[in-house]
Amino acid sequence: MRDSGSVFGWLIIAGFSLTLMNYLIRAFYRFAIVHLPSESKVKRVYTRVQRVVVSNHRFFAFFTTVMLLAHVAIQLRYRWLSWTGLTAAAIMVANDALGGYGHYIKKKKRSAWFRAHRVTAVLLIASIIVHLITKR
Ligand code: HEM
Ligand code: HEM
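Residues numbered from 1 in each chain as written. Chains lettered and ligands numbered in written order. Predicted model: local features only at pLDDT ≥ 70, side-chain atom pairs only at ≥ 80, totals over all residues.

1. Looking at the site of ligand 1
Move 1: Neighbouring ligand 1 are 24 residues; Gly9, Gln75, Arg79, Ser82 and Gly85 lie closest to it.
Move 2: Ranked by residues supplied to the shell around ligand 1, first place goes to helix α1 (residues 4-31) with 6 residues.
Move 3: Considering only residue class, the shell around ligand 1 consists of 14 nonpolar, 8 polar and 2 charged.
Move 4: Counting residues domain by domain, the shell around ligand 1 receives three or more from each of domain 1 (1-79) and domain 2 (81-136). (Near = placed C-beta within 6 Å. Helix = DSSP H or I, 4+ residues; strand = E, 2+ residues; numbered from the N terminus. Nonpolar A, V, L, I, M, F, W, Y, C, P; charged D, E, K, R; others polar. Domains from an automatic or database assignment.)

In structure tokens:
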């Protein structure tokens with residue numbers, strides 16, 4: 001149990017990567033796939049995979065947050081209170097709230113919440129990198 005905190009830390013990273021795929025898979029679509037002819041098999045398969053990734057975005061984020069709770073509980077018990085970790089956690093929870101607001105209240109209609117949600121994602125990446133480097 002003492003060392004399982006790191007495992008949950010890396011599970012957060014795994015879930016977080018899936019959450020961010022939302023952006024990457026769409027960016028690659030705009031960059032390369034959109035130009036393919038509509039009868040292209042690659043385009044058809046890619047579009048199907050993209051739909052799965054995009055429609056499950058919030059569930060990847062929920063999974064990530066549950067792994068975060070496990071990581072926090074174990075690290076507080078066996079390691080120490082990490083201020084950089086706590087900062088990253090606060091930013092993640094804030095972005096969950098922003099995403100939840102955009103999804104359930106704004107019905108995915110893009111407005112200021114969406115720009116804030118994207119900017120917060122960038123801040124989150126930066127704060128996680130700081131946590132991984134310092135662990136303090
Ligand atoms: C988004 C938030 C977070 C992510 C992605 C994350 C991720 C990670 C990862 C992957 C490690 C393992 C690094 C390694 O094996 O070298 C780690 C270590 C650690 N985390 Fe987090 N963490 C987060 C939040 C937190 C929070 C809120 C706390 C506060 C309790 C915390 C406390 C720690 C501690 C104390 C370590 C060092 C453990 C050691 O070196 O034995 N983390 N974190
Ligand atoms: C760690 C938490 C989260 C991160 C880092 C994150 C990140 C992102 C990013 C980068 C985008 C932009 C995608 C693009 O530009 O194409 C996005 C879009 C979106 N996110 Fe999140 N998100 C998180 C949690 C959530 C949650 C919990 C929900 C809903 C309950 C949510 C709902 C949405 C919605 C509705 C969009 C608009 C685009 C779409 O229709 O998929 N997000 N998110």
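From this point, the narrative continues.
2. Notes on the site of ligand 2
Move 1: Close to ligand 2 lie 23 residues; Arg58, Ala61, Gly99, His103 and Ala121 are nearest.
Move 2: Going through the elements one at a time, α1, α3 (57-78), α4 (83-105) and α5 (112-134) are the ones with two or more residues in the shell around ligand 2.
Move 3: Element by element, the count of residues in the shell around ligand 2 is highest for α4, at 7 residues.
Move 4: Two domains each provide a minimum of three residues to the shell around ligand 2, namely domain 1 (1-79) and domain 2 (81-136).

3. Digging into the environment of Asn22
Move 1: For Asn22, the location among the structural elements is in helix α1.
Move 2: The class for Asn22 is buried, based on 20 C-beta atoms found within 10 Å.
Move 3: C-alpha of Asn22 to C-alpha of His57: the two residues are 35 residues apart in sequence and 6.4 Å apart in space.
Move 4: In this structure, Asn22 is in contact with Val53, Val54 and His57, ignoring residues within four places of it in sequence. (Buried ≥ 20, exposed ≤ 12 C-beta atoms within 10 Å, placed from the backbone. Contact = placed C-beta atoms within 7 Å.)

4. Some details on the environment of Thr120
Move 1: On the secondary structure map, Thr120 appears in helix α5.
Move 2: Among the residues examined, Thr120 registers 18 C-beta atoms within 10 Å and is labelled partly exposed.
Move 3: For the pair formed by Thr120 and Glu39, sequence separation is 81 residues and the distance between their alpha carbons is 38 Å.
Move 4: What Thr120 contacts, discounting residues up to four positions off in sequence, is Ile91, Ala94, Asn95 and Leu98.

5. Focus on the domain arrangement of the protein chain
Move 1: If you check the domain split of the protein chain, you get domain 1 (1-79) and domain 2 (81-136).
Move 2: On a C-alpha basis, the centres of domain 1 and domain 2 stand 14 Å from each other.
Move 3: The interface of domain 1 with domain 2 comprises 8 residues on the first partner and 8 residues on the second.
Move 4: Residues that form the side of domain 1 that touches domain 2 fall into these classes: 5 nonpolar, 2 polar and 1 charged.

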